[in-house]
Amino acid sequence: MVAAARAIETYRDDSLAQDRFAEHFVRAARASARWPVRPPEVPGGDANPLWGRLGRYFGLRTRVLDDFALRSARAGARQVVLLGAGLDTRAFRLDWPPGCAVFEIDRAEVLAFKHKVLDGLRAIPRAARTPVAADLSTDWSGALTGAGFDPAAPTTWLAEGLLLYLPHAAERRLVDTVDRLSTAGSALAYEVKLAAPPPGARDHPVYSSTERQTGVDLLALFDRDPRPDSAATLAARAWSTVVRTPFDYTRHYGRGPLPEPDDALATNRWIFAARTTA
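All values derive from a computational prediction rather than experimental measurement. (Residues numbered from 1 in each chain as written. Predicted model: local features only at pLDDT ≥ 70, side-chain atom pairs only at ≥ 80, totals over all residues. Heavy atoms only, no water.)

**Quick look at the nonpolar core**
Here comes step 1: Ranked by size, the top nonpolar core spans 55 residues in total, and within it L54, W96 and F272 carry the most contacts.
Here comes step 2: In terms of residue count, the dominant contributor to this core is helix 3 (residues 49–74) (12 residues).
Here comes step 3: When neighbours within four sequence positions are excluded, L54 is seen to be in contact with M1, P49, V206, T210, L218 and L265. (Core = buried A, V, L, I, M, F, W, Y, C linked by side-chain atoms within 4.5 Å. Buried < 20%, exposed > 50% of the residue type's maximum accessible area, 1.4 Å probe, protein only. Helix = DSSP H or I, 4+ residues; strand = E, 2+ residues; numbered from the N terminus. Contact = heavy atoms within 4.5 Å.)

**Re the packing of aromatic side chains**
Here comes step 1: Overall, the coordinates contain 12 aromatic pairs when judged by the stated rule.
Here comes step 2: For the ring pair Y57 and W270, a centre distance of 5.7 Å and an interplane angle of 55 degrees mean the geometry is tilted. Of the two residues, Y57 sits in helix 3 while W270 sits in strand 7 (residues 268–275), which places them 213 residues apart along the sequence.
Here comes step 3: Judged by relative accessible area, which is 1%, Y57 ranks as buried. (Phe/Tyr/Trp six-rings, centres within 6.5 Å; stacked < 30°, edge-to-face > 60°.)

**Side note on helix 1 (residues 2–10)**
Here comes step 1: Counting buried positions over the 9 residues of helix 1 gives 8, a clear majority of the element.
Here comes step 2: If you check which residues of helix 1 are buried, you get A3, A4, A5, R6, A7, I8, E9 and T10.

**With respect to the side chain of D263**
Here comes step 1: As for its position among the elements, D263 is in the loop between helix 11 (246–253) and strand 7.
Here comes step 2: Since its relative accessible area comes to 2%, D263 is described here as buried.
Here comes step 3: If near-sequence neighbours (up to four positions away) are discounted, D263 is found in contact with R53, P198, H204, Y207, F247 and L258.

**Observations regarding the environment of S240**
Here comes step 1: As for its position among the elements, S240 is in strand 6 (residues 239–244).
Here comes step 2: For S240, a relative accessible area of 38% puts it in the partly exposed group.
Here comes step 3: Residues within four places of S240 in sequence aside, it is in contact with F272, A273, A274 and T276.

Below you can see the structure in the form of C-alpha cells.
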C-alpha cells in the first residue's frame, strides 16, 4: 500500500517524493497488481480517501524522512539502518554522500521479494547496501553487527511505519537496542501513535475506503496496548528529542493531510532524536 502511494506521489505535478521503483513492487504482487500507481488511475482523484488523503500522508512521510536521513548522513552519520525496511528504496534513489553504508533489516521473505523485483530492473544502489534478514520483534542486534554494522560509528536510524504495529514490549526492546548500538553523532527518526484511534475512527472514510478498495483493515493492524513514551526514554539517555505532528509538515510543505473529526492520524507523532554523548 505504501509503495502504491509512493508511486502515485512520484507522478503528481506537485510531488514531494520520487520513487520510480515503487510501481514495480505493486505490479509484481498478486494482491496489488490492479491497484493504481499513477494519478489518472485513482478513482475520484485526490478526493479518494485512500489514495488521496492517506496516500498524501505516506508521500509526506517519505519526504520528511528522506530529508532527515540525508541531513544526518551529510553531518557525518554515514551508517544508515532502515528498521523494517520493507519496500523502501532509499539506498537506490537518494543522493547519498560518499562512504555511506545502508543496512536494510526485515524478514527474509520480504527481502527476497524486494530483491527479485529490483534485480529484474537491474537497479544499482547509490550507497553500499547490505540486507539483513531478521525479525524486529526479537533480538536482531547480532544479525546487524554480524553483517558489518559498527556500533562505534555514528548511525542514522529510520523506523518508518513500524512501531505502530509492534507490541509495547517489542517497541521498548527496539528503542533499547538502538540506544545501545548508537554512539555520539547518531540520529533516529520514527513514527508512533500516542493513543488508540478515537471511537469513531472505524467509520472514517480513510479506513472504510481502504478496506473496501484493498481488503486491508488498517485499524486491526495497530497494536492496541498502551504505548510506551519512547521519546522520554531517549531524552533520559543523552538523546535530544523533537516531537512533531504530520500536520506540522503539511503546513510547512503546503500539501498533505489536515486534521479531520474522528481521525486516527491525529494520534500519530513523528519523533526525531539525536545522540549528544557517547
